Amino acid sequence: MTEQQLAERLKPVFEHLHHHPEISWEEKETTGYLADFLKKEGLKPKTFDHMTGLYVDIGPGEPKVGFRTDIDALWQEVDGQWRANHSCGHDAHMTVALGVVLLLKEMEAHLPGAVRILFQPAEEKGEGAKAFVKAGVVDNLEYLFGAHIRPHFELKDGTFAAAIRHGAVKLFKGNIHGTEAHGARPEQGVNAIEAAAAIVDGLKRIWIDPNRTGSIKMTQLHAGGQSSNIIPATATFSIDARAQDNETMEALTTGFKKVVESVETLYGADIDWETAAYVAAAEVDSSAREILKRAIIDVAGEENFAEDIVTPGGEDFHFYALFRPQLKTTMLGIGCGATPGLHHPHMTFNWERVPTAARIIARALVLALKAVRQLRVVAGNDAQGRAVTGDGRGDGR
Ligand SMILES: [Zn+2]
Ligand SMILES: [Zn+2]
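Trainee: Any details on the overall build of the protein? Residues and values, ideally.
Mentor: Along its length, the protein carries nine helices and 18 strands. If one aligns the C-alpha atoms of the protein with their principal axes, the spans along those axes are about 85 × 70 × 45 Å. Split into buried and exposed, the 397 residues of the protein put 42% on the buried side. Within the protein, counting contacts between residues at least 6 apart in sequence, those at least 24 apart form 79% of the total.

Trainee: I'd like to hear about the sheet that holds strand S3 (residues 65–70), residue by residue, with values.
Mentor: Across the sheet, which stays open at both edges, the eight strands sit in the order S1-S2-S6-S3-S7-S18-S8-S16 with mixed pairing between neighbours. Because the sheet does not close on itself, it has two edges, and the strands there are strand S1 (46–47) and strand S16 (305–306). As defined by bridge partners, strand S7 (residues 143–151) adjoins strand S18 (residues 328–338) across nine bridges and the pair is classed as parallel. If you follow Leu144 over to S18, its bridge partner there is Thr329.

Trainee: Explain the packing of helix H1 (residues 3–18) against helix H3 (residues 90–106) residue by residue, including any values.
Mentor: Where H1 meets H3, the axes come as close as 9 Å, and the angle between the chain directions of the two elements is 145°. By crossing handedness, the relation of H1 to H3 is classed as right-handed. When H1 is examined against H3, the residues Leu6, Arg9, Leu10, Val13, Phe14, Leu17 and His18 are found in contact with a partner set consisting of Asp91, Ala92, Met94, Thr95, Leu98, Gly99 and Leu102. Partitioned by chemical class, the residues of the contact of H1 with H3 number nine nonpolar, three polar and two charged.

Trainee: Give a description of the sheet that holds strand S12 (residues 214–223) that names residues and reports values.
Mentor: If you trace the four strands from one edge of the open sheet to the other, you get S12-S14-S10-S15, paired in antiparallel fashion. Sheet topology places S12 and strand S15 (270–279) at the edges, where each strand pairs with a single neighbour. Across the sheet, the mean angle from the axis of one strand to that of its neighbour is 20°, orientation sign disregarded. Examined bridge by bridge, strand S10 (residues 168–177) and strand S14 (residues 234–243) share ten bridges and lie antiparallel to one another. Within S14, the residue paired with Asn175 across the bridge is Thr236. Helix H6 (residues 246–267) rests against S10, S12, S14 and S15 of the sheet, and its axis sits at about 160° to S14.

Trainee: Summarise the domain arrangement of the protein; cite the residues concerned and give the values.
Mentor: Here the domain parsing of the protein yields domain 1 (3–166 + 282–379) and domain 2 (168–279). Between domain 1 and domain 2, the C-alpha centre-to-centre distance is 39 Å. The interface of domain 1 with domain 2 comprises seven residues on the first partner and five residues on the second. The residue makeup of the side of domain 1 that touches domain 2, split by class, is two nonpolar, two polar and three charged.

Trainee: Describe the packing of helix H5 (residues 192–203) against H6, with residues and values.
Mentor: Orientation of H5 relative to H6, taken along the N-to-C sense of each, is 140°, at an axis distance of 10 Å. H5 and H6 meet at a crossing whose hand is right-handed. Here Glu194, Ala195, Ala198, Ile199, Gly202 and Leu203 of H5 come into contact with H6, specifically with Val259, Val260, Ser262, Val263, Leu266 and Tyr267. For the contact of H5 with H6, the residue count by class is nine nonpolar, two polar and one charged.

Trainee: Quick rundown of the nonpolar core? Include the residues and the values.
Mentor: One finds Val100, Ile117, Leu332, Ile361 and Leu365 to be the most contacted residues of the largest nonpolar core, which totals 100 residues. Counting residues per element, this core draws most heavily on helix H9 (residues 353–389), which supplies eleven residues.

Trainee: I'd love a proper account of H3, names of residues and values included.
Mentor: A rise of 1.5 Å per residue sets the reference length of H3, with its 17 residues, at 24 Å; its end C-alpha atoms lie 24 Å apart and thus fit the reference within 8%. The element H3 is extensively covered by neighbouring structure, given that 14 of its 17 residues are classed as buried.

Trainee: Give me the lowdown on unusual backbone geometry, citing residues and values where you can.
Mentor: Note the cis peptide between Thr339 and Pro340, where omega equals -5°. Turning to its location among the elements, Pro340 is positioned in the loop between S18 and H9. Positive phi is not limited to glycine here, since Asp79 has a value of about 50°. Along the chain, the position of Asp79 falls in the loop between strand S4 (74–78) and strand S5 (81–85). Since 7 C-beta atoms lie within 10 Å of it, Asp79 is described here as exposed. For His343, which is not a glycine, the phi torsion comes out positive at approximately 75°. With respect to the helices and strands, His343 occurs in the loop between S18 and H9. Here His343 falls in the partly exposed class, since 15 other C-beta atoms lie within 10 Å of it.

Trainee: Could you give me a rundown of the pairing of S5, with the residues and numbers involved?
Mentor: Across five bridges, S4 lies against S5 in antiparallel orientation. Within the sheet, the bridge partner assigned to Trp75 lies in S5 and is Ala84. Two successive antiparallel strands, S4 and S5, enclose a turn made up of two residues, where Asp79 displays a positive phi of approximately 50°.

Trainee: Give me the lowdown on the environment of Asp201, citing residues and values where you can.
Mentor: In this structure, Asp201 sits in helix H5. C-alpha of Asp201 to C-alpha of Lys217: the two residues are 16 residues apart in sequence and 9.9 Å apart in space.

Thresholds, definitions, all that
Residues numbered from 1 in each chain as written. Chains lettered and ligands numbered in written order. Predicted model: local features only at pLDDT ≥ 70, side-chain atom pairs only at ≥ 80, totals over all residues. Helix = DSSP H or I, 4+ residues; strand = E, 2+ residues; numbered from the N terminus. Buried ≥ 20, exposed ≤ 12 C-beta atoms within 10 Å, placed from the backbone. Contact = placed C-beta atoms within 7 Å. Pairing = 2+ DSSP bridges. Axes fitted to C-alpha atoms, helices over the stretch in contact; angles between N-to-C directions. Left-handed = near helix turned anticlockwise from the far one by under 90°. Nonpolar A, V, L, I, M, F, W, Y, C, P; charged D, E, K, R; others polar. Domains from an automatic or database assignment. Core = buried A, V, L, I, M, F, W, Y, C linked by C-beta atoms within 7 Å. Expected span 1.5 Å × (residues − 1).

Encoded structure:
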């Protein structure tokens with residue numbers, strides 16, 4: 001299939017998806033449209049009874065490598081009207097995925113193994129990846145690639161990056177339960193504001209590796225009623241935690257728990273809290289990144305290969321590697337001049353980059369299939385070597 005043929009085939013697909021946005025967990029028409037497209041290509045897509053989204057396998061045997069696209073839109077105000085809107089580019093990602101399907105179908109007879117394409121719902125809610133993990137969709141995969149279009153200020157139009165290093169985000173919400181008292185009798189009460197102040201102070205006493213970045217701050221505090229002469233018994237608070245890697249987020253979480261426990265002991269207040277939102281940081285695998293880098297250079301040329309993107313934004317793709325550590329993952333950053341920025345109601349981008357991105361991903365999947373097969377061969381040789389020499393030196397010291 002020539003570049004132009006692929007573009008002509010994909011353009012109406014993108015137009016359809018773009019004009020039929022559906023929000024998280026409600027991607028029913030989208031799921032149906034994607035399933036029909038795949039069936040027309042002679043494939044057997046698998047849908048779910050309990051949720052939207054689907055996946056499909058192409059090639060011989062059990063799939064070991066995969067590509068994941070998100071499929072949901074945002075709910076936002078567009079020209080004074082609230083509606084679903086594809087302003088995060090998930091319509092572009094779906095089109096990339098279908099382009100990958102067309103390209104892989106074309107070489108199906110020569111594929112060295114099977115590839116799984118995942119059409120994942122509810123990314124914007126941070127729930128879809130977890131649901132796919134739970135459904136076992138990635139259990140037998142070794143490589144998983146993702147992709148996301150980038151805003152113009154992050155990545156030059158026409159260039160591609162082999163990793164998007166999203167940070168981790170956690171939001172905690174909590175309640176402090178103290179004891180009310182007259183302002184003149186503070187010794188008889190437990191002041192929720194003082195306990196909250198102690199939490200704020202305690203957060204400054206969480207130490208992390210100085211070579212890593214992280215932040216944990218109280219961002220909301222509500223306490224006290226109409227009267228200014230009462231020691232307030234209750235307060236509600238929110239905490240915003242950020243880290244560039246998952247280990248640091250773990251350290252911040254453990255530190256926050258200790259702070260809460262010590263404030264409870266010191267003040268005699270009860271404090272309950274919960275994690276209100278969570279997205280994991282990118283776990284970029286170096287071999288997956290190398291494969292994607294080679295694919296970018298092969299398809300788009302060395303001059304269009306860009307350095308990794310470091311961004312504070314979140315992406316639920318990173319839950320796959322967090323919950324299934326056998327997975328080698330990375331995300332393709334697509335430089336398509338997205339403007340003014342992602343999630344803007346009138347976000348636009350250079351559509352021409354979609355077929356190119358599909359070619360890059362298709363190439364990366366084939367390279368990953370070869371890498372998986374090579375690893376098998378090497379592992380087989382090692383075992384043989386040990387058996388032949390029998391001197392215990394074949395253990396790769
Ligand atoms: Zn988004
Ligand atoms: Zn997105």
